[in-house]
Structure formats: C-alpha cells, structure tokens
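Inside the fold
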Amino acid sequence: MSGSNDHIGGEARRYGNATIGEAVARLRAGGLVAVPTETVYGLAADSTNAAAVAEIYRTKGRPDFNPLIVHVPDRESAGKLGKFDDLASLFADALWPGPLTIVVPKRDNCPVAAAVTAGLETIALRCPAHPVMRELLEQSGLYLAAPSANRSGGISPTTAEHVTRSLGAKVPLILDGGPCERGIESTIIAVAGGEYRILRPGPVTEAQLEAVAGKAPILADTNLIEAPGQMLSHYAPSKPLRLNAETAADDEYHIGFGNLPGDRNLSPDADLAEAASLLFAALHDADASGKPRIAVAPIPNAGIGNALNDRLRRAASPR
Ligand code: TXA
Ligand code: MG
C-alpha cells in the first residue's frame, strides 16, 4: 500500500473545506490526514495498516521507539484493543469523550500494527470529543493512530496554519476545524494493578482524576521515561526560551500572563484554561517574530498550570 504523498509533487495543498468523505477515502487507502481534535491537531492514519503507520513516523521524523495514541469512537471499541480493568473503565466512563489518554495492557488479538505501540505490551487509547475527529472515526470505521501534527520535537499545532508551517507539503490534506479549544495535549495516565500514574499532565487535572478514582495517583518514577515520548527537550521553538520572566530584554519576545502583559498575554484574567488554549499559538508567533529570544511570564503550578509548566520546561530545555 502506498502512502498518500506520492502524487503531490512537493506542492503544499491545503483542503480547508475538504469533505470528511475525501478524508475517509484517503485514510482507507493508507494515506495521512491532519485532523483537529479538542487538544491539538493530529496526523491520522489507519492504525491497523503498517505502511500507513510507517508513513506517520517518516512524515514527522519521529523516532521509532516513541509509540502512538490510537483514537477510538467509543469505550466499546477501546475494549477490543486494550484490557480495561475496573479502574480503567471508571476513568473511561467518567472522562470520555475528552482529553484523556489511557494506557492499558494490549489485547492478544489487538489488530493494531506493531509499530504503533513500539514494541510495548501496552497501548495508549483515547476517545476524543472534537466533532470533526468524531465524524472521521465514525464514518471511516477505523481506529486512527494520530500523534500531534508537527515535526518531531517541535511545537504542537493548534491551528491548520501551524500544521502547514510545520509539515507543509508532506500533509496533502488538512481538515481545518479552526483553533483547538483546549490547546494542550491530552492527559496521559497508565492504569495497572488497580493503581494509576500520570505519564503526561494535561487538560484533565489531577484533581479530576482523583475525584473519579477516589484516590491519588501513585508517583511516576521521574528517572524512568515512562511515556517514551516524554523526552526532556520537546515542544521546542527554534529560539532560546527563558522561563519565569517578570520582565523581558529588548531582544526578547515576552509572552505574558495575568498582570504581566508582555508582547502577547496568554490570559489577562489569569485564567489557566485560556492560557493553555493559547500557549502553543503564542510560541509559534514568538518563533516567527523578529526577536531572537523568547521569555515567558511565571505561570502558577496549579490545575492545568502543571501541564503548561511541563510543556514550557521541555520547550526551554536545550536540544
Ligand atoms: O492530545 C493528544 O494526545 C494528541 C491528539 C492528536 O490526540 N496526540 C498526541 O500524540 O499528543 P503524541 O504522539 O504527540 O504524544 C503521544 C504520547 C507520547 O509521549 C508517547 O510516548 C505516549 O503518548 N505513549 C503512546 N503509547 C504509549 C504507551 N503504550 N505507554 C506509554 N506512553 C505511550
Ligand atoms: Mg507530540
């Protein structure tokens, strides 16, 4: 099966108002489609098609040890791919559809291509809430592997324009659903032995998880890279980035928060959800600005603020 990029001749073609039908046909033929979700834009392919999955890794320049999330239309489909114990079921029933990825043991007869899980015995599953992604899942009947639609290590895309800027002609079809509402990747939890660990903080907060589980997560071993994609340097702009910056130098693009307006304020009202929805767009803008360096105002470490600071630390980390 050939990938979808064979016939585009390097020309960037963006189908802002392409129909879902075109996208479904492309996916069924083993091609790639960039699609909006409530978190960030994903680069989707049929997870059961090994050649299509290989094309995702190639297009992103993603290391093959970093597994992909498989998107499903509902809890029932998820149960065909992974084994849900009581706790995993509790999370899925309470928080799906939504920005939560659940890592569970893979079923023996799981039809997903081996490269998707990068040799792990577990599989990462998410049932997204975005109407465009939901329609694509429902109409295609496919389980869609979809990493964020950016070059590996770069800033995640929260608009169709960001996808074009990062991957350009490599993605022949982008479904443009406008800006992503949450703006930050899904919370990832691993559930095993009746306990859960947070592998990646995100829009679903620790407090929400605790309310569902009736108990706190066990601590993830920070020396162990438990989500293989959680490398320290990630989400990185091309310029040096300085954190907790209350003031900025003349040559710095200042991303503000609350009463520190900066060149662009993530949320004048200090609303963390609003700031999350705008963070990656601000980093994209800062990267494209004339200033050679970026400074970011302090962001409180509470609720979604944890996820924002997690992404910012990785963005600031030298490659
Ligand atoms: O919000 C999101 O999750 C977006 C949208 C498109 O759904 N997707 C996304 O995918 O952020 P990606 O590939 O950028 O990040 C997936 C993360 C990686 O850190 C990867 O290591 C981790 O999920 N992951 C995937 N399978 C895993 C597994 N079996 N065990 C642990 N971590 C896993
Ligand atoms: Mg990513």
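Source: prediction; values computed, not measured.

Every buried residue of helix α2 (residues 50-60) is accounted for by Ala 52, Val 53, Glu 55, Ile 56, Tyr 57, Thr 59 and Lys 60. Buried residues along α2 sit in contact with β2 (42-46), α5 (114-117), β6 (144-145) and α7 (160-167). For α2, the N-terminal cap is Asn 49; the gap from its side-chain oxygen to the backbone nitrogen of Ala 51 is 3.0 Å. Looking at the residues trailing α2, positive phi occurs at Gly 61, about 65°.

Examined against the element boundaries, Cys 127 turns out to sit in the loop between β5 (122-126) and α6 (131-140). The class of Cys 127 is buried, set by a relative accessible area of 2%. Taking C-alpha positions, Cys 127 is 7.7 Å from Leu 100, a pair spaced 27 residues apart along the chain. In contact with Cys 127, not counting residues within four places along its chain, are Val 72, Pro 73, Asp 74, Trp 96, Pro 97, Gly 98 and Arg 134.

In space, the four strands of this open sheet follow the order β9-β12-β10-β11, with parallel pairing throughout. Each edge of the sheet is formed by a strand with only one pairing partner; in this case those strands are β9 (241-242) and β11 (264-265). Along the sheet, helix α9 (residues 272-288) makes contact with β9, β10 (252-256), β11 and β12 (293-296), crossing β10 at roughly 165°.

Another aspect to go through is the pairing of strand β4 (residues 100-105). Judged by how many residues are buried, β4 sits mostly within the fold: five of six residues are covered. Relative to strand β7 (residues 187-192), β4 is paired through four bridges, and the arrangement is parallel. Bridging across to β7, Val 103 finds its partner in Ala 190. In the sheet, β4 pairs with β5 via five bridges, with the strands oriented antiparallel. Residue pairing across strands places Ile 102 opposite Leu 125, the latter belonging to β5.

About the thresholds
Residues numbered from 1 in each chain as written. Chains lettered and ligands numbered in written order. Predicted model: local features only at pLDDT ≥ 70, side-chain atom pairs only at ≥ 80, totals over all residues. Heavy atoms only, no water. Buried < 20%, exposed > 50% of the residue type's maximum accessible area, 1.4 Å probe, protein only. Helix = DSSP H or I, 4+ residues; strand = E, 2+ residues; numbered from the N terminus. Contact = heavy atoms within 4.5 Å. Polar contact = N/O pair within 3.5 Å; in protein donor to acceptor, adjacent residues only side chain to side chain. Pairing = 2+ DSSP bridges. Axes fitted to C-alpha atoms, helices over the stretch in contact; angles between N-to-C directions.

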